[in-house]
Amino acid sequence: MTSKRVLAAGLLAAAAVFAGAPGLRAAGGAEKTVKAVGTVLEVRLPDPAAKPAADKPVEAVVTVLVRGKKVEVVVRDELTLKKLRIKKINVEDEVRVQYRVVTEDGVEKNVAVTFRRSAGC
Amino acid sequence: MKTEGRLAVAAGLLAAALMGLGGGAWAGEEEAAPARGAFPSWFEFGGDLRVRHDSLMGKVPTYTQFLGTFTGAAPNTQARGSRTVHNDSLLTNRLGLNFHIKAAESVTLTTRLLMYKAFGMADAGATQGGYFGDRTNTVFDGSVGHVPAGNTLVVDQAYATVNNLFDQPVWFSAGRRPSSGGIPVNIRDNRELSGASGTPALLVDYAFDGMTLGVAPDYEALPGLSGKLCYGRGYDSGYLATGVTPRDTDMLGLGLVVYETPDARIEAQYDRGFNIFDTFPGPNVRTNLGSLEWWGGNLVGTLRELGPGDLTGFLSGATSVALPNGNRYNAGFGTGNPGLLCDGSDCVARQGYALYLGGRYDLARTKTKLGAEFNHGTKNWVAFGPAADDMWTNKLGTRGNVYELYAIQELPRLKAAPKGQVFFKLGWQYYDFDYTGSNGWVGEPKKIASLTPAQMQFQAPVSSAYDIYTTFEVRF
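The rules behind these values
Residues numbered from 1 in each chain as written. Chains lettered and ligands numbered in written order. Predicted model: local features only at pLDDT ≥ 70, side-chain atom pairs only at ≥ 80, totals over all residues. Heavy atoms only, no water. Helix = DSSP H or I, 4+ residues; strand = E, 2+ residues; numbered from the N terminus. Buried < 20%, exposed > 50% of the residue type's maximum accessible area, 1.4 Å probe, protein only. Contact = heavy atoms within 4.5 Å. Areas by Shrake-Rupley, 256 points an atom, 1.4 Å probe, with all protein chains shown as cover. Salt bridge = Lys/Arg side-chain N within 4 Å of Asp/Glu carboxyl O. Pairing = 2+ DSSP bridges.

Draft legend 1. Up close: the overall build of chain A. Across its full length, chain A carries two helices and five strands. Mapped in sequence order, the helices and strands of chain A form the string α-β-β-β-α-β-β. The buried share among the 121 residues of chain A stands at 37%. Taking the intrachain contacts of chain A between residues at least 6 apart in sequence as the baseline, contacts between residues at least 24 apart amount to 52%. If you sum the accessible surface of chain A, you get close to 6800 Å²; carbon and sulfur atoms cover 55% of it.

If you want it as structure tokens, here you go:
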């Protein structure tokens with residue numbers, strides 16, 4: 001394969017990934033999902049010694065600074081909880097968050113649909 | 001600059017222009033600055049210091065050394081008997097200083113400065129033995145800061161990144177970027193490494209100036225999925241008349257992390273080096289020898305709480321393809337001059353293979369980490385790894401087998417700095433070379449066991465070597 005063809009194939013692949021990117025917005029995406037980019041200010045993990053109630057999910061609460069405002073996001077998925085526990089996601093990391101605003105037991109909560117460190121390096 | 005080089009730069013500039021458009025999406029959304037004190041820290045400072053002792057020994061078989069000159073048409077040579085070469089006590093000191101600055105929302109600037117010296121030396125003389133292509137009397141742009149060279153603080157990394165372009169998980173980054181010490185060598189180095197940064201160490205371990213355009217889409221079934229297009233400049237030929245060689249040496253890479261969780265990582269990468277230089281990048285480059293291609297990937301996995309600790313294992317594989325263009329390194333032999341992995345008239349495409357596997361067991365209670373590694377490279381294997389953290393030569397560029405065992409003992413001190421870490425390491429490396437010219441790209445590799453005493457060599461062949469090393473490292 002010539003150099004130009006390799007380069008063209010690379011650029012084409014990158015373009016294809018980009019073209020697909022907008023469609024990815026809907027990942028896990030209901031209409032009422034809020035998207036935000038912010039910096040982690042505080043992570044409150046569940047007490048590992050505490051036994052969770054059978055009807056309550058295990059969750060962590062992460063405070064994220066989004067455009068100058070503090071937003072508390074509830075994280076429940078196992079993978080993200082693990083990342084928070086072993087500090088793969090840490091205070092001062094920038095994160096991309098999608099969350100649903102739901103009312104549970106009369107309390108409004110921001111429940112994470114996705115919660116990831118900003119990609120890139 | 002050749003067409004592909006212009007295309008790559010154009011792609012980078014296009015990305016930069018698009019980046020501006022992405023920023024425009026926020027126009028009018030600008031809010032009042034948060035109250036003072038509401039900001040998390042915008043400046044992060046860190047670093048590391050390593051003091052290392054190496055005890056090195058290698059065996060050189062009987063051979064004939066080409067002295068680089070001619071008497072008439074006859075090359076001047078010197079017969080050299082078999083011998084053992086050693087440096088029983090080499091002490092080195094490496095200092096790294098890291099700065100990470102959050103300049104604006106989703107915009108960061110990262111810098112790493114390095115000083116790496118041998119005790120008692122202000123130059124590279126103690127470690128540039130002249131036995132291998134990556135340790136031959138020259139510390140150059142791809143290895144500076146990564147091999148002992150003196151007490152000067154040099155810039156290892158200096159790059160800026162814009163994340164979340166177009167409000168999507170897309171980023172653009174440019175500058176002197178992290179392309180050394182990649183996965184999985186971070187495991188033996190006792191460094192955390194994850195995400196989309198870096199390159200698989202088996203393919204590339206080279207300090208590159210370049211740029212990256214990446215995307216990390218959110219697929220629930222493939223956590224950690226990311227892809228990136230990377231460009232690097234390996235050599236700039238400066239001002240030249242049209243049609244005159246050498247041309248610039250450029251590198252293009254396509255990386256794909258298929259899956260990444262805290263306990264598993266699967267990734268693949270394709271790289272191509274265009275217009276490979278005939279000698280170390282610098283004023284002595286005279287021509288380009290062709291192109292090199294690499295395909296490879298990593299599998300890394302961790303089993304937690306397996307007995308008294310965690311077990312991390314990895315498997316890396318790669319192939320390299322040398323595509324000579326007919327040009328030769330001018331050693332004065334006319335048509336017998338060597339080309340890209342070839343000699344004389346036999347300059348055709350050649351493929352090499354490499355395998356790298358190993359693991360580390362981390363004992364939770366004592367904070368002891370025990371590791372074992374093995375790698376193998378075939379006759380025509382070429383790695384692009386002069387920045388590797390090995391004293392003899394980049395072990396992953398070896399045409400033969402390398403075995404390594406090590407033990408790390410962390411000191412259980414309370415952290416004063418967020419990334420505080422103190423540990424000692426004791427390691428043993430054994431190189432068993434099958435072919436000459438490991439980590440070189442000029443000339444055809446020769447089977448060491450079949451070398452005849454009269455067979456002329458550009459560099460002293462080494463048949464086997466070992467390194468017993470100890471380190472004391474502090475990170476913050």
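Draft legend 2. Summary view of the environment of Val-382 of chain B. Residues and elements named next belong to chain B. Structurally, Val-382 is set in the loop between β15 (368–377) and β16 (400–410). You can call Val-382 buried: its relative accessible area is 4%. Taking the C-alpha atoms as reference, Val-382 lies 18 Å from Gly-232; in sequence the two are 150 residues apart. What Val-382 contacts, discounting residues up to four positions off in sequence, is Leu-292, Trp-294, Ser-320, Leu-341, Arg-399, Gly-440 and Trp-441.

Draft legend 3. Seen up close, the pattern of salt bridges. Residue and element names in this part refer to chain B. This structure, assessed with the given rule, holds 41 salt bridges over all chains. Put simply, Asp-209 and Arg-176 hold a salt bridge, and the shortest N to O gap is 3.1 Å. Remark: Arg-176 occurs in strand β7 (residues 170–177) and Asp-209 occurs in strand β8 (residues 208–215); sequence separation between them is 33 residues. The buried category is assigned to Arg-176, whose relative accessible area is 7%.

Draft legend 4. Broad picture of the pairing of strand β11 (residues 264–274) of chain B. Residues and elements named next belong to chain B. Burial within β11 is extensive, with eight of its 11 residues counted as buried. When strand β10 (residues 249–261) meets β11, the two strands line up antiparallel, connected through 11 bridges. Directly across from Leu-252, in β11, lies its bridge partner Arg-272. Linking β10 back to β11 in an antiparallel pair, the connection comprises two residues. Relative to strand β12 (residues 290–306), β11 is paired through 10 bridges, and the arrangement is antiparallel. In the strand pairing of β12, Arg-272 is matched with Glu-293.

Remember that the coordinates give geometry; whether it matters functionally is a separate question.
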